[in-house]
Amino acid sequence: MRRSLDLIEGTDKWLESNALRALAGIDRSAGRSEAALKTLRQALKLSTSIGDLHGVTLAQVRLADLRFSQGGYDQAREYLELAQERLKEEKSLSISGLIQRLTGKLEAANGRLPEAKQHIAQSVSIFATAEMTYELGLSHYEMGLLMKGARDLKGAESSLMQAQAIFESLGAEPDNELCSKAIAGLADGDDGSQAVRVSPLNDVLLMQRLIEASASRELLVRELAAVISENF
C-alpha cells in the first residue's frame, strides 16, 4: 500500500484518498490505532479538498468506528452524526449499513439493547441486499456478541455460526478465529460481564426501521420479512 501511495501521490487525489483508507485499515488490523487515526484524517482532508462526498462520508464512518474501538464513544457519535448528515445528500446503501451497525454498537455500549438490536439487524438486511458478504459476516458477529451479552445464548450461537460460515467461505482467518473463540465462550454461559437488561419491544423502533429501509424496494421487503420473523 505504501508503494501504491508513492506511485499515486500528486497524480490522482481520488485514488490517493482510497489508498489512504485502505492503509488505515491495515494499520488498525495490526494494532497501530494512532497511525490509522492519522491516515484516516489525511484521507478525510484529501476527499474534502476534491469534493468527493462519498469519500468524506466513508472516512467519517471509519473514524467513528476507530474512535469507538478506542473507547471514545462521544467522538464516535460525533463523527457518525456528520456522516449521517452527508448521507442525506448522497444516498449509499453500503455506508448506511456501516452506520447502522456502528449505531447499534454505540447503543449497546449504553445498555440500550432493543435499539442496538434493531440497528444491527438492519445492517444485516442492508448487507444481504447489497451482497456485501464480508460486511454481512461482521454484522452477524456483532449480533452474536450482543445476544451473548443479553444471555440469549441460542440467539448468540445462531448469529455467530452464520458469521463463521461466511468467514470460512471467504478465507478470512482472523475473523473466523474470533468467531470460534466467541462460540467456545458460549459454553461457559457466563463470561463475567454484566447482562444487558431487555426492555419490552418498542413498536416505534420497528416502524423507524421500516421507514429507513424504504430507500430500496428490495431492502424494504427484506426488512419487513425480517421484522416478522424476529418478532412473531
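To start, this report covers the structure provided alongside it. Computed from a predicted model, the values in this text were never measured in an experiment. (Residues numbered from 1 in each chain as written. Predicted model: local features only at pLDDT ≥ 70, side-chain atom pairs only at ≥ 80, totals over all residues. Heavy atoms only, no water.)

On the surface, a nonpolar cluster with roughly 280 Å² of combined accessible area is contributed by Trp 14, Leu 15 and Ile 50. Topologically, Ile 50 is positioned in the loop between helix H3 (33-49) and helix H4 (53-69). (Patch = residues over 30% accessible without salt bridge, like charges linked within 9 Å, V, L, I, M, F, W, Y side chains within 5 Å. Areas by Shrake-Rupley, 256 points an atom, 1.4 Å probe, with all protein chains shown as cover. Salt bridge = Lys/Arg side-chain N within 4 Å of Asp/Glu carboxyl O. Helix = DSSP H or I, 4+ residues; strand = E, 2+ residues; numbered from the N terminus.)

Turning our attention to the pattern of salt bridges. Tallying each qualifying case throughout the model produces seven salt bridges. Linking Arg 32 and Asp 27 is a salt bridge whose minimum nitrogen-to-oxygen distance equals 2.9 Å. In this structure, Lys 181 engages Glu 177 in a salt bridge whose closest nitrogen and oxygen atoms are separated by 3.6 Å. Pair noted here: Lys 181 and Glu 177 are both in helix H10 (residues 173-186), with a separation of four residues, about one helical turn. With relative accessibility at 46%, the residue Glu 177 sits in the partly exposed group. A network of salt bridges, in which partner residues are shared, links Arg 28, Asp 65, Lys 105 and Glu 142. (Buried < 20%, exposed > 50% of the residue type's maximum accessible area, 1.4 Å probe, protein only.)

Here we take up the packing of helix H6 (residues 93-109) against helix H7 (residues 113-129). Where H6 meets H7, the closest approach of the two axes is 7 Å, and the angle between their N-to-C directions is 160°. As judged from the angle between their axes, H6 and H7 are roughly antiparallel. In this structure, H6 crosses over H7, and the sense of that crossing is left-handed. Counted together, Leu 93, Ser 94, Ser 96, Gly 97, Leu 98, Gln 100, Arg 101, Thr 103, Gly 104, Lys 105, Glu 107 and Ala 108 of H6 and Glu 115, Ala 116, His 119, Ile 120, Gln 122, Ser 123, Ile 126, Phe 127 and Thr 129 of H7 form the full contact between these two elements. Partitioning the contact of H6 with H7 into residue classes produces seven nonpolar, ten polar and four charged. (Axes fitted to C-alpha atoms, helices over the stretch in contact; angles between N-to-C directions. Parallel < 35°, antiparallel > 145°, perpendicular 65-115°, else oblique. Left-handed = near helix turned anticlockwise from the far one by under 90°. Contact = heavy atoms within 4.5 Å. Nonpolar A, V, L, I, M, F, W, Y, C, P; charged D, E, K, R; others polar.)

Attention now moves to unusual backbone geometry. At Glu 131, a position not held by glycine, the phi torsion is positive, near 55°. Following the sequence through the fold, Glu 131 ends up in the loop between H7 and helix H8 (133-149). Phi at Arg 151 takes a positive value of approximately 65°, unusual for a residue other than glycine. By the element assignment, Arg 151 lies in the loop between H8 and helix H9 (153-170). On the accessibility criterion, Arg 151 (28% relative accessible area) is partly exposed.

On to the packing of helix H5 (residues 73-89) against H6. One can describe the packing of H5 onto H6 by two numbers: an axis separation of 11 Å at closest approach and a directional angle of 150°. The orientation of H5 relative to H6 falls into the category roughly antiparallel. Relative to H6, H5 is oriented so that their crossing is left-handed. Between H5, through Tyr 73, Ala 76, Arg 77, Leu 80, Ala 83, Gln 84 and Leu 87, and H6, the contact on the second element is made entirely by Ile 95, Ser 96, Ile 99, Leu 102, Thr 103, Leu 106 and Ala 109. The residue makeup of the contact of H5 with H6, split by class, is ten nonpolar, three polar and one charged.

Before going further, it helps to examine the packing of aromatic side chains. Taken as a whole and assessed by the stated rule, the structure comprises two aromatic pairs. For the pair Tyr 134 and Phe 167, a centre-to-centre distance of 5.8 Å together with 55° between the ring planes defines the contact as tilted. Of this pair, Tyr 134 sits in helix H8 while Phe 167 sits in helix H9; the two residues are 33 residues apart in sequence, bridging distant segments of the chain. Phe 167 gets classed as buried once you look at its relative accessible area, which sits at 1%. (Phe/Tyr/Trp six-rings, centres within 6.5 Å; stacked < 30°, edge-to-face > 60°.)

All right, on to H8 then. With 17 residues, H8 should cover 24 Å at 1.5 Å per step; its first-to-last C-alpha distance of 25 Å lies within 8% of that length. Within H8, 14 of the 17 residues are buried, leaving the element largely enclosed by the surrounding structure. (Expected span 1.5 Å × (residues − 1).)

The next thing to look at is the environment of Ile 120. For Ile 120, the position within the fold is in helix H7. Take Ile 120: its relative accessible area is 1%, and that puts it in the buried class. In sequence terms Ile 120 and His 140 are 20 residues apart; their C-alpha atoms lie 8.2 Å from each other.

These figures come from the coordinates and say nothing about function on their own.
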